[in-house]
Amino acid sequence: MKVLAQKTTLAQQNRQTMVVFITQNKDKKPIVPKIDQDLDTLVNSTIQNKDFGAESKETLFFRNCLLAGAKHVLIVGLGKSSEVSSESLRIAAATAYNQLKVQKVTEASLYLENLTKVIKDTSAISQALTEGLLLSEYEFSELKSQNSKKKDDKKQLEEVTLLASGSAQLNSVKKGLDIGYIIADCTNFSRRLGDSPGNFMTPTTLANETIKKAKGTGLKVTAWDKARIKKEKMGGLLGVSLGSSQEPRFIIMEYKGAAASKKPVVFVGKGLTFDSGGISIKPAQNMDEMKYDMCGGANVIGAMLAIAKLKLKVNAIGLVPASENMPGPAANKPGDVLMARNGKSFEVLNTDAEGRLILADALCYASEQKPAAIFDAATLTGAILVALGNTHTGVFTRDKNLMGKIQKSADAAGELVWPMPLTDHHVEDIRGTHADWSNIGNSRLAGSSTAAAFLEQFVEDGIPWAHFDIAGTAWNVANRLPYCPKKGASGAIVRTFIELAKTF
Ligand code: BES
Ligand code: ZN
Ligand code: ZN
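Residues numbered from 1 in each chain as written. Chains lettered and ligands numbered in written order. Predicted model: local features only at pLDDT ≥ 70, side-chain atom pairs only at ≥ 80, totals over all residues. Heavy atoms only, no water.

(A) Quick look at the pairing of strand 13 (residues 336–339). Taking every second residue as pointing to the same face, the buried face of strand 13 carries Asp 336 and Leu 338, while none of Val 337 and Met 339 on the other face is buried. Relative to strand 14 (residues 345–348), strand 13 is paired through four bridges, and the arrangement is antiparallel. Its bridge partner lying in strand 14, Val 337 is registered against Glu 347. In this structure, the hairpin formed by strand 13 and strand 14 is closed by a connection of five residues, where Gly 343 is found at a positive phi of approximately 90°. (Buried < 20%, exposed > 50% of the residue type's maximum accessible area, 1.4 Å probe, protein only. Helix = DSSP H or I, 4+ residues; strand = E, 2+ residues; numbered from the N terminus. Pairing = 2+ DSSP bridges.)

(B) Representation of the coordination of the zinc ion (ligand 2) within the structure. Those donors, Asp 275 (OD), Asp 352 (O), Asp 352 (OD) and Glu 354 (OE), are the protein atoms that reach the zinc ion (ligand 2), and they lie 2.0 to 2.2 Å from it. Given six donor atoms and angles of 70 to 166° at the metal, the environment of the zinc ion (ligand 2) is assigned as irregular. Each donor residue of the zinc ion (ligand 2) belongs to the same chain, with the gaps between them written as D-x76-D-x1-E. The metal-metal distance between the zinc ion (ligand 2) and the zinc ion (ligand 3) is 3.2 Å, with Asp 275 coordinating both. Classification of Asp 352 by relative accessible area gives partly exposed; the value is 22%. (Donors = N, O, S within 2.8 Å, 3.2 Å for Na, K, Ca; no water. Tetrahedral: all angles 85-135°; square planar, octahedral: opposite > 155°, others 65-115°.)

(C) Broad picture of the side chain of Thr 46. Checked against the element boundaries, Thr 46 lands in helix 1 (residues 37–48). A relative accessible area of 10% places Thr 46 in the buried class. Those residues within four positions of Thr 46 in sequence are excluded, and the remaining contacts are Asp 51, Phe 52, Leu 60 and Phe 62. (Contact = heavy atoms within 4.5 Å.)

(D) Structural view of the environment of Gly 218. One can find Gly 218 in the loop between helix 6 (203–214) and strand 8 (220–224). Spatially, the C-alpha atom of Gly 218 lies 8.9 Å from that of Lys 311, the residues being 93 residues apart in sequence.

(E) Fine view of unusual backbone geometry. Phi at Lys 57 is positive, roughly 75°, even though this residue is not glycine. Along the chain, Lys 57 falls in the loop between helix 1 and strand 4 (59–62). The exposure class assigned to Lys 57 is partly exposed, which follows from its relative accessible area of 42%. In this structure, Lys 233 takes a positive phi of about 60° despite not being glycine. Here Lys 233 is to be found in the loop between helix 7 (226–231) and helix 8 (235–241). Looking at Lys 233, the relative accessible area reads 59%, which means it is exposed.

Put into structure tokens, the structure is as follows:
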């Protein structure tokens, strides 16, 4: 699907489908924009009949109505004017996309003029709409044979035009469109990495795909192989990989958008391409979902690609330790002791708590970069699903200032985060018996917090750091976000990380 921008006078056009977004006033009454008298009459009559109330996700489709210079008209509700945000526009664009697909429409034009009265920044409007459309278009079907794809798939939404009302507006619409395109494209790339099954997405393919996608972006990508990982004393990453026939990789992405003297911001992502649990093997039910255990890594890769393509004025580094967790003959056994890059040892009391082991080495390496801040994203614990479900990403940091920054960035990105506890009590819970640390808490309670406390041991003192547990938000979130696939990777936290990068 192409998304275009155009300066237009409505009546002159001979369009296939016009999409109009309608907001509500403070009494929740729909505000019908004055576009076309006959269309106004038609919409008002549906409102009077209580067929349409302009609630979010509500739609009305008029086929062959020949109004507002178009054959068909789609009306989409946006909720209260005072509550319209980039995120509600993303959701409205997704609602429109899904409805246009149901109606088998191939071209659509989006009317923006009434929206520019609600949100002053026109480029923010077109960015959010573009993101909503392109994120909705994402589908992971590359492993299906041609025959099994639906026959009517041929009739697709091919072109969407964002209608600007003047030259100045056209420039802003175009600017937002370009930004939205980059963000959606990079997020969809992350999703594709996440949705690819373990036999296709191994640590080696993850590294190779990253190198391929980064070509021409100004990102420098390096991938360390097993021998190098061993030489670099990354005992956690190496140890976790031993049960698998697949070699681990340590992926390093470097972007220089600011003066060399400026400290970099470092993003770290868990790239566990399949988590069977290892010797502490997981139950069979839903084990397939553990192909998503590299979404932290995939989403850091997507964020880094976007940061580079948007040419943000920041120095940023992305780090992805990548491995499988399998119960092969050389696998870690419960009780085995490994040593991280910073010399601290840990006993592996449960081989299924492997994410923190590969992140330990990555956080040591991140600390060595003398960064302005470190942010890590990981599908780290099942416990975060119990605590927060699939709505909020849990954020762990002791730095209140940083938490404020994160909350602001997440708000701007339209993603939900929630501050979680990380205290000395949790640190006490992970002290080891025959090594410095244990990879699981003694009490087995507050599992997400003890996991965060473990990670903290590998971040150098004084470096602002926050851990994002995305185990609940990284996939299957379409029940609340219509621009995400029904079953599949969401790209959670990509947009928040891009926003965070802008603050350094
Ligand atoms: N990858 C899992 C966490 C996970 C679970 C992500 C469910 C998404 C959905 C992680 O490696 C893991 O297995 N963690 C264990 C830790 C426990 C053994 C202390 C868990 O959460 O059960
Ligand atoms: Zn695990
Ligand atoms: Zn895992």
